[in-house]
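Structure assessment
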Number of protein chains: 2
Amino acid sequence: MDHQLPAQPAPGRTHDPEGVRRNILAIATAEFAEKGFSGARVDEIAAKINTSKRMIYYYFKDKEGLFVAVLEEAYARIRRIERDLNLDGLSPVDALARLTGFTFEYQSENADFVRLVMVENIHHAVHLARSERMQSLNVSVLQVLEDVYRRGVAEGVFRDGIDVVDIHMTMSALSFFNVSNRATFSAIFKRDMVSPEAFTRRRQVVVETVLRYVAR
Amino acid sequence: MDHQLPAQPAPGRTHDPEGVRRNILAIATAEFAEKGFSGARVDEIAAKINTSKRMIYYYFKDKEGLFVAVLEEAYARIRRIERDLNLDGLSPVDALARLTGFTFEYQSENADFVRLVMVENIHHAVHLARSERMQSLNVSVLQVLEDVYRRGVAEGVFRDGIDVVDIHMTMSALSFFNVSNRATFSAIFKRDMVSPEAFTRRRQVVVETVLRYVAR
DNA sequence: GTTAAAATGTACGAACTAGTCCGTTTTCGC
DNA sequence: GCGAAAACGGACTAGTTCGTACATTTTAAC
């Protein structure tokens, strides 16, 4: 959501299309993540942006178009960071631990992303299906994981015959759930899930769970 | 959602309060699970029930009251079945495998339950917080797990020092994610997640993941 | 049988909500 | 500078959505 395009319009300029676009996206992201697609109100988003409601329709066509753009931006961001993890220098075990730990941390720190994905799943991923960028955006994560796994098998530290999609799914599920189900889970079991201690503790459990699954 | 109260009104009777109540709950459950709280329409639910919209407000006060009742019923049902699993006769390893497998199966077969919990989490569990029944409804699952774990440690097949809430969380997360994120995950990775084969395969991975985590 | 309470049906309204109409201002190529 | 296109603002509307006012029927207690 940051550092990719001019944050300020050229001096002496009142029109700033890209800034307007990004401002709308930022506000809409927060609003959709907070209230869901149906719960979010276009008027509410309009009231919070620096420009007028008219601009939402000008740039994104309609409420659904806006949501699709929000989703694309959110996925693009996590994959962008993931690619920069640079796991090549690490041993397979360390690399897998790092990747798992990153996933857990990223999702914990970006509850908006998690909540947007929840919302999209409630809507059976119809918006996501409409976006061609999506698949190409997400192949990288499997490539990174495949690399690490192959090295681990070759070195004899991981057992053979595991599907990397399963590893990714386990990793994602454990990280995702910690945010997505935080409200109900902590309400039911009176469990602290937000303090730094709880975060570190659970992070360790998740990493260990993944490592134990692939270990020989 | 079934077999607990007279399904038919007494013969020669036109009024059937309990039947009306259950009819509304069943329809509302499907509707909220499908569209979410904000997305569901009271008028739509009203159109599908055997009685009139007036009755929704008569029995449940308002849309929120209806949703709370739907949630309570959904949680009560899973815990009811869970208690009847009868794991005492099994070895600790078999019992834990059985409990994990059950959780996975139940959530797979009851997507409505999973989706309702997602919806409630989007709303920060405000409805759930309002229900006192909730906590008492859910303690049983931890007791069952605690029993199995203690036996496993005593017999030397499980390592010591694990928090059972962590085991439950892992178990739930892996089972939950398989349903909650099915739409986005299968759209992004083009992965079959619904066929009987995919179900059995993933079930095995989940059970193994949990067992390997507690193993010595 | 009478009567109060419980259970039910119908029509309607006030508030909200997504999206548009109509117009103005700013930018930029020539 | 000029004209066309891009960028923008504000008021308005058609349709929807939750909830209720008003009225009726059924049940159960005495």
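Residues numbered from 1 in each chain as written. Chains lettered and ligands numbered in written order. Predicted model: local features only at pLDDT ≥ 70, side-chain atom pairs only at ≥ 80, totals over all residues. Heavy atoms only, no water.

1. Considering the protein's contact with DNA strand C
- By nearness alone, 22 residues border DNA strand C, and A:Arg13, A:Arg41, A:Lys53, B:Thr51 and B:Tyr59 come closest of all.
- Expressed as a percentage, the sugar and phosphate content of the atoms of DNA strand C within 4 Å of the protein is 67%.
- Taking A:Lys63, its main chain carries an N or O atom lying 3.0 Å from a phosphate oxygen of DNA strand C.
- B:Arg54 has a polar side-chain atom sitting 2.9 Å from a base oxygen of DNA strand C.
- Listing elements by their share of the surface near DNA strand C, those giving two or more residues are helix H2 (42-48) and helix H3 (53-60) of chain A together with helix H1 (17-39) and helix H3 (53-60) of chain B. (Near = heavy atom within 4 Å. Polar contact = N/O pair within 3.5 Å; in protein donor to acceptor, adjacent residues only side chain to side chain. Helix = DSSP H or I, 4+ residues; strand = E, 2+ residues; numbered from the N terminus.)

2. A look at unusual backbone geometry
Residue and element names in this part refer to chain A.
- With phi around 75°, Lys61 is a residue other than glycine that occupies positive phi space.
- Note on placement: Lys61 falls in the loop between H3 and helix H4 (63-83).
- When its relative accessible area of 65% is taken as the criterion, Lys61 is described as exposed. (Buried < 20%, exposed > 50% of the residue type's maximum accessible area, 1.4 Å probe, protein only.)

3. A word on the interface of chain A and chain B
- Across the boundary between the two partners, chain A contributes 53 residues, which contact 53 residues of chain B.
- Its largest share of buried area at the contact with chain B, chain A owes to A:Ile122, A:Met169 and A:Arg212, together 14% of the area lost on that side.
- At the junction of chain A with chain B, the criterion picks out ten salt bridges.
- For the pair chain A and chain B, the number of links is 25 residue pairs in polar contact (both at pLDDT 80 or more). (Contact = heavy atoms within 4.5 Å. Buried area = accessible area lost by both parts, 1.4 Å probe. Salt bridge = Lys/Arg side-chain N within 4 Å of Asp/Glu carboxyl O.)

4. Thoughts on the pattern of salt bridges
- A full pass over the atoms with the stated rule returns 30 salt bridges over all chains.
- Residue A:Lys48 pairs with A:Glu31 through a salt bridge whose shortest N-O separation is 3.1 Å. Placement of the pair is A:Lys48 in helix H2 and A:Glu31 in helix H1 (residues 17-39), with a sequence separation of 17 residues.
- Overall, the relative accessible area of 45% leaves A:Lys48 in the partly exposed class.
- With its nearest N and O atoms 3.9 Å apart, the salt bridge here joins A:Glu73 to A:Arg80.
- One continuous salt-bridge network, built from bridges that share partners, spans A:Asp163, A:Asp166, B:Arg191, B:Arg201 and B:Arg202.

5. Focus: the side chain of B:Asn178
- With respect to the helices and strands, the residue B:Asn178 is situated in helix H9 (residues 164-180).
- Residue classification places B:Asn178 among the buried residues on the basis of a relative accessible area of 5%.
- With residues near it in sequence (within four places) discarded, B:Asn178 still touches A:Met169, B:Phe104, B:Ser108, B:Met193 and B:Arg202.

6. A few points about the environment of A:Val114
Residue and element names in this part refer to chain A.
- The topology assignment puts Val114 in helix H6 (residues 111-122).
- Sequence spacing of Val114 and Phe176 is 62 residues, and the spatial spacing of their C-alpha atoms is 6.6 Å.
- In contact with Val114, not counting residues within four places along its chain, are Gln107, Phe176, Val179 and Ser180.

7. A look at the packing of aromatic side chains
- With the rule as written, the count across this model stands at 24 aromatic pairs over all chains.
- Here the aromatic rings of A:Tyr149 and A:Phe158 are separated by 6.2 Å at their centres, their planes lie at 10°, and the arrangement is stacked. Across this residue pair, the class does not change: A:Tyr149 and A:Phe158 are buried.
- Taking 5.8 Å as the distance between ring centres and 80° as the angle between the ring planes, the aromatic pair formed by A:Phe177 and A:Phe185 counts as edge-to-face. Taken individually, A:Phe177 and A:Phe185 each receive the classification buried, so the pair is uniform in this respect.
- One aromatic cluster in this structure is built from A:Tyr75, A:Phe102, A:Tyr106 and A:Phe113.
- Sitting over the ring of B:Phe37, B:Lys63 keeps its end group 4.8 Å from the ring centre. (Phe/Tyr/Trp six-rings, centres within 6.5 Å; stacked < 30°, edge-to-face > 60°. Lys NZ or Arg CZ within 6 Å of the ring centre and 35° of its normal.)

8. Thoughts on the nonpolar core
- In terms of nonpolar packing, the biggest core is built from 142 residues, with A:Phe32 and B:Phe32 touching the most fellow members.
- Setting aside anything within four residues of it in sequence, one finds B:Phe32 in contact with B:Phe37, B:Ala40, B:Ile45, B:Lys63, B:Leu66, B:Phe67, B:Val70, B:Leu116 and B:Val119. (Core = buried A, V, L, I, M, F, W, Y, C linked by side-chain atoms within 4.5 Å.)

9. A closer look at the environment of A:Gly156
- You can see A:Gly156 is positioned in the loop between helix H8 (133-154) and helix H9 (164-180).
- Sequence separation between A:Gly156 and A:Arg216 is 60 residues; the distance between their C-alpha atoms is 8.0 Å.

10. Quick word on the environment of A:Met118
- Secondary-structure assignment places A:Met118 in helix H6.
- Sequence separation between A:Met118 and A:Phe177 is 59 residues; the distance between their C-alpha atoms is 10 Å.
- Beyond its immediate stretch of four places on either side in the chain, A:Met118 contacts A:Phe176, A:Ser180, B:Met118, B:Asn121 and B:Ile122.

11. What about the protein's contact with DNA strand D?
- The environment of DNA strand D is made up of 22 residues, and the closest members are A:Thr51, A:Tyr59, B:Arg13, B:Arg41 and B:Lys53.
- Taking all atoms of DNA strand D within 4 Å of the protein, the share assigned to sugar and phosphate is 67%.
- A:Ser52 is positioned such that a nitrogen or oxygen atom in its backbone is 3.0 Å from a phosphate oxygen of DNA strand D.
- One of the backbone N or O atoms of B:Lys63 is found 3.1 Å from a phosphate oxygen in DNA strand D.
- Counting residues per element, the ones that place at least two in the surface near DNA strand D are H1 and H3 of chain A together with helix H2 (42-48) and H3 of chain B.
- When the residues that make up the surface near DNA strand D are grouped by side-chain class, the tally is eight nonpolar, five polar and nine charged. (Nonpolar A, V, L, I, M, F, W, Y, C, P; charged D, E, K, R; others polar.)

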